[in-house]
Each structure stands twice: as C-alpha cells, then as structure tokens.
Amino acid sequence: MGSEKKSRLPAVVATVVALPVAVVAGVLVFNAIAPEAEPEHEDLSPVSVEAPALSEADAVICLALTATAPERAGGLQARPVEGGAGAAESVMAYGDPAAVATCGVEPVAVADTALVYKLNGVCWYSDEAGLEWTTLDRQVPVGVSVPEANEQPVDVLNDLSTVIAAKIPAAAEAPTGCA
C-alpha cells in the first residue's frame, strides 16, 4: 500500500502544475482567436450649418482659421460642413453629435465682472448651461456650440483656442477678466 502512494505522487504533482498552465494557455488562445469588438463608428457625414455673413476682411481671417483647423478637437474627429457659400470657409464641426465652431458670429457684450475663461490664450464666455461659447478678445468672434452629450466642452475649446490665438488677431478691447 505504501508503494501505491509513492507511485501516485508524481501524477498529483503533474496535475497540480499542468492544470493552471492549461487554463492560462486556453485563455491566451481564446483571446488570440476571439473576434475583436467592433469599434463604435462616429457619423462623419457633412454637418449642415448656416454660414454667417462676413465682410471681405473677416472672411479672409476666418479662412485662415478654418484652413489650419485641427483634425481633432477634444478627441472628436473633424467633419465636413455644408450650407451654402462660405460655410466651409467659416465653420468647423467635430464629432457626433457635432460640436460646431463658427467664425464671425455676433460679438457678445458682457460686464467687466462677468465670469470668463482664459483657455490657451483665448478669452471665452459661456451661457449658464456651458453649451454656447463665444470668444471675447478676438477681432472676429468665434462661437462654439457644444452638444449636451459632450461631457468635456473645455477640451474642444482648448484645442480650438490654440489655432484661434494663432490666426485671429486680438481685439483692441476685452473685458477685464480676459487680461
């Protein structure tokens, strides 16, 4: 009977070692051959926009902005825009649902004590919901509409602010909080 216990010991040890190795190998093989999850596809079809009426000088400034616009803003992919003459030269769109940046919007008048946000060299004012943003310190104002689904509108503004600061000259006057 003692010899039976000795003869089973190598089999027990082999089983104890082989079982975890087999489980790990099985998991690795499964992960290697399992189909990958389909990535979510954003709708990157053209966004229908309304182009602002711009003076010739403002149109040149806006074209400089849109021509150098980033391919991504706030992690959102750029989308083409459509909407008549001047739309592609003055409007940019990102993501699905689209965050839309329009060069040449009506300026926003704010009190010197209004809460403003300085992001990458550009001064912004927002509505209370944080969905509509307008530059305050640029010769040609830029407005950005961010959909409610976008959890971090400031990410979009940060990326756009860099090119706005580079392409749209600063205004002669800006609210006190923009200094």
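These figures come from a predicted structure and were not determined experimentally.

Participant: Where do I start with helix α2 (residues 56–67) in this structure?
Facilitator: Turn by turn, an α-helix covers 3.6 residues, leaving residues three or four places apart pointing in a common direction. Here α2 spans 16 Å end to end across 12 residues, near enough to the 16 Å set by a 1.5 Å rise per residue. The set of residues buried in α2 consists of Ile61, Cys62, Leu65 and Thr66. Each buried residue of α2 lies within a common arc of 135° when the element is viewed along its axis, so the set occupies one face. In α2, the exposed positions angled more than 90 degrees off the buried face are occupied by Glu56, Ala57, Val60 and Ala67.

Participant: So what exactly am I meant to see when it comes to the layout of surface pockets here?
Facilitator: A water-sized probe, rolled over the atoms, reveals where empty space remains. Roughly 150 Å³ of volume is contained in the second largest pocket. In this structure, the second largest pocket is lined by Thr66, Ala69, Pro70, Glu71, Ala78, Arg79, Val81, Ala88, Val91, Met92, Ala93 and Tyr94. Every element with two or more residues in the lining of the second largest pocket is listed here: β3 (76–79) and β5 (91–94). Considering each element in turn, the lining of the second largest pocket owes the most residues, four residues, to β5. The residue makeup of the lining of the second largest pocket, split by class, is nine nonpolar, one polar and two charged.

Participant: Looking at this structure, how should I read the packing of α2 against helix α4 (residues 153–167)?
Facilitator: A pair of packed helices is captured by two measures, namely the crossing angle of their axes and the spacing between those axes. One can describe the packing of α2 onto α4 by two numbers: an axis separation of 9 Å at closest approach and a directional angle of 140°. In this view, α2 runs oblique relative to α4, as classed from their interaxial angle. Handedness of the crossing formed by α2 with α4: right-handed. Facing Ile61, Ala64 and Leu65 of α2, the residues of α4 in contact are Val163, Ile164 and Lys167. The class makeup of the residues in the contact of α2 with α4 is five nonpolar, no polar and one charged.

Participant: Which parts of the structure should I look at to understand the nonpolar core?
Facilitator: Nonpolar side chains in soluble globular proteins tend to be buried together. Core analysis: the largest hydrophobic core is formed by 24 residues, its most contacted members being Leu65, Trp124, Val144, Leu160, Ile164 and Ile168. Contributions of two or more residues to this core are made by α2, β5, β6 (99–103), β8 (122–126), β10 (142–145) and α4. Setting aside its immediate chain neighbours within four residues, Leu65 contacts Met92, Cys103, Val142, Val163, Ile164, Lys167 and Ile168. Formed by seven residues, the second largest nonpolar core is a distinct cluster that contains Val49, Val81, Ala87 and Ala93.

What counts, and where the lines are drawn
- Residues numbered from 1 in each chain as written.
- Predicted model: local features only at pLDDT ≥ 70, side-chain atom pairs only at ≥ 80, totals over all residues.
- Heavy atoms only, no water.
- Helix = DSSP H or I, 4+ residues; strand = E, 2+ residues; numbered from the N terminus.
- Expected span 1.5 Å × (residues − 1).
- Buried < 20%, exposed > 50% of the residue type's maximum accessible area, 1.4 Å probe, protein only.
- Arc of directions from axis to C-beta.
- 1 Å grid on protein atoms, 1.4 Å probe; cavity = no way out; pocket = protein on both sides within 12 Å on 5 of 7 lines; lining within 4 Å.
- Points joined across faces, edges and corners; volume = space filled by probe spheres on them.
- Nonpolar A, V, L, I, M, F, W, Y, C, P; charged D, E, K, R; others polar.
- Axes fitted to C-alpha atoms, helices over the stretch in contact; angles between N-to-C directions.
- Parallel < 35°, antiparallel > 145°, perpendicular 65-115°, else oblique.
- Left-handed = near helix turned anticlockwise from the far one by under 90°.
- Contact = heavy atoms within 4.5 Å.
- Core = buried A, V, L, I, M, F, W, Y, C linked by side-chain atoms within 4.5 Å.

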